[in-house]
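The primary structure of each chain is shown beneath.
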Amino acid sequence: MTNLEIVHAVYRSVSESDFDTFRGLCAPDVEWRQNVGFPNGGRRLGADAVVKEVFNRFAAEWSEWRYETDEILEVGSTLVVLGAYEGTYAKTRKHMRAEAAHVFWLKDGRIIRFRQFADTKIVHDAMH
């Protein structure tokens, strides 16, 4: 697979809760960083930690949650994905849409690092 195909496969696997595929697309020691202030934000090491501490928590706390891709920029082995999160927080039933960017670094056909940049205030407001 090309790097672009790998990133598309990551989004597909997460949206389908196919975490075995997600784990296979990531290096064993993948570094996953989400904004501090974002729900479950912070730094995780390893795909298992990402699934448990990020994806599973979103599934439990949000009645709907997705990332919509608008544009993908590819520079060598780095891909920048521009888009937005959209979801409804289960406890408040507030819906939100927050613009965000994802940066993926790939090596030898696997994701070695991920970094998120998101508008955390919009997400926070939906949660309160």
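Here the structure is a predicted model, which means the values were calculated and not measured.

Asker: In this structure, what is going on with the confidence of the model for the protein chain? I would like to understand it.
Answerer: Close reading of the predicted structure is inappropriate where its pLDDT is low. Taken as a whole, the protein chain shows an average pLDDT of 95; of its residues, 100% reach a score of 70 or greater. Within the protein chain, the lowest mean pLDDT, 93, falls on helix H4 (residues 120-127), and the highest, 98, falls on helix H2 (residues 19-25).

Asker: Explain the sheet that holds strand E5 (residues 95-107) here, please?
Answerer: Read from one edge of the open sheet, six strands run E2-E1-E6-E5-E4-E3, paired in mixed fashion. If you trace the sheet from one side to the other, it starts and ends with strand E2 (42-45) and strand E3 (62-75), each paired once. Within this sheet the neighbouring strands show an average axis-to-axis angle of 20°, counted without direction. Inspection of the sheet shows strand E1 (residues 26-34) paired to E2 by four bridges, in the antiparallel sense. Paired with tryptophan 32 across the bridge in E2 is arginine 44. Strand contacts of helix H3 (residues 47-61): E1, E2, E3 and strand E4 (78-89), with the helix running at about 45° to E1, the strand carrying the most contacts.

Asker: How should I be thinking about the nonpolar core in this particular structure?
Answerer: A general trend in soluble globular proteins is that nonpolar side chains are found buried together. Phe22, Trp32, Phe55, Trp62, Phe104 and Ile111 are the most contacted members of the largest nonpolar core, which totals 35 residues. Here this core gets six residues from one element, more than from any other, and that element is H3. Not counting chain neighbours up to four residues away, the residues in contact with tryptophan 32 comprise Phe22, Gly42, Arg43, Arg44, Val50, Phe55, Phe104 and Phe114.

Asker: Please explain the packing of aromatic side chains as it appears in this structure.
Answerer: Each aromatic ring pair is specified by the distance between its two centres and by the angle formed by the two planes. Summed over all chains, the structure comprises 18 aromatic pairs. Measuring from centroid to centroid gives 5.7 Å for phenylalanine 19 and phenylalanine 55, while their planes differ by 5°, and the two rings are stacked. Of this pair, phenylalanine 19 sits in helix H2 while phenylalanine 55 sits in helix H3, and the two are 36 residues apart along the sequence. Each member of the pair phenylalanine 19 and phenylalanine 55 is classed as buried. Both rings, one in tryptophan 32 and one in phenylalanine 104, keep their centres 6.5 Å apart while their planes meet at 75°; by these two values the pair is edge-to-face. In this pair, tryptophan 32 sits in strand E1 while phenylalanine 104 sits in strand E5, placing the two residues 72 residues apart along the sequence.

Thresholds, definitions, all that
- Residues numbered from 1 in each chain as written.
- Predicted model: local features only at pLDDT ≥ 70, side-chain atom pairs only at ≥ 80, totals over all residues.
- Heavy atoms only, no water.
- pLDDT = per-residue confidence, 0-100.
- Helix = DSSP H or I, 4+ residues; strand = E, 2+ residues; numbered from the N terminus.
- Pairing = 2+ DSSP bridges.
- Axes fitted to C-alpha atoms, helices over the stretch in contact; angles between N-to-C directions.
- Contact = heavy atoms within 4.5 Å.
- Core = buried A, V, L, I, M, F, W, Y, C linked by side-chain atoms within 4.5 Å.
- Buried < 20%, exposed > 50% of the residue type's maximum accessible area, 1.4 Å probe, protein only.
- Phe/Tyr/Trp six-rings, centres within 6.5 Å; stacked < 30°, edge-to-face > 60°.

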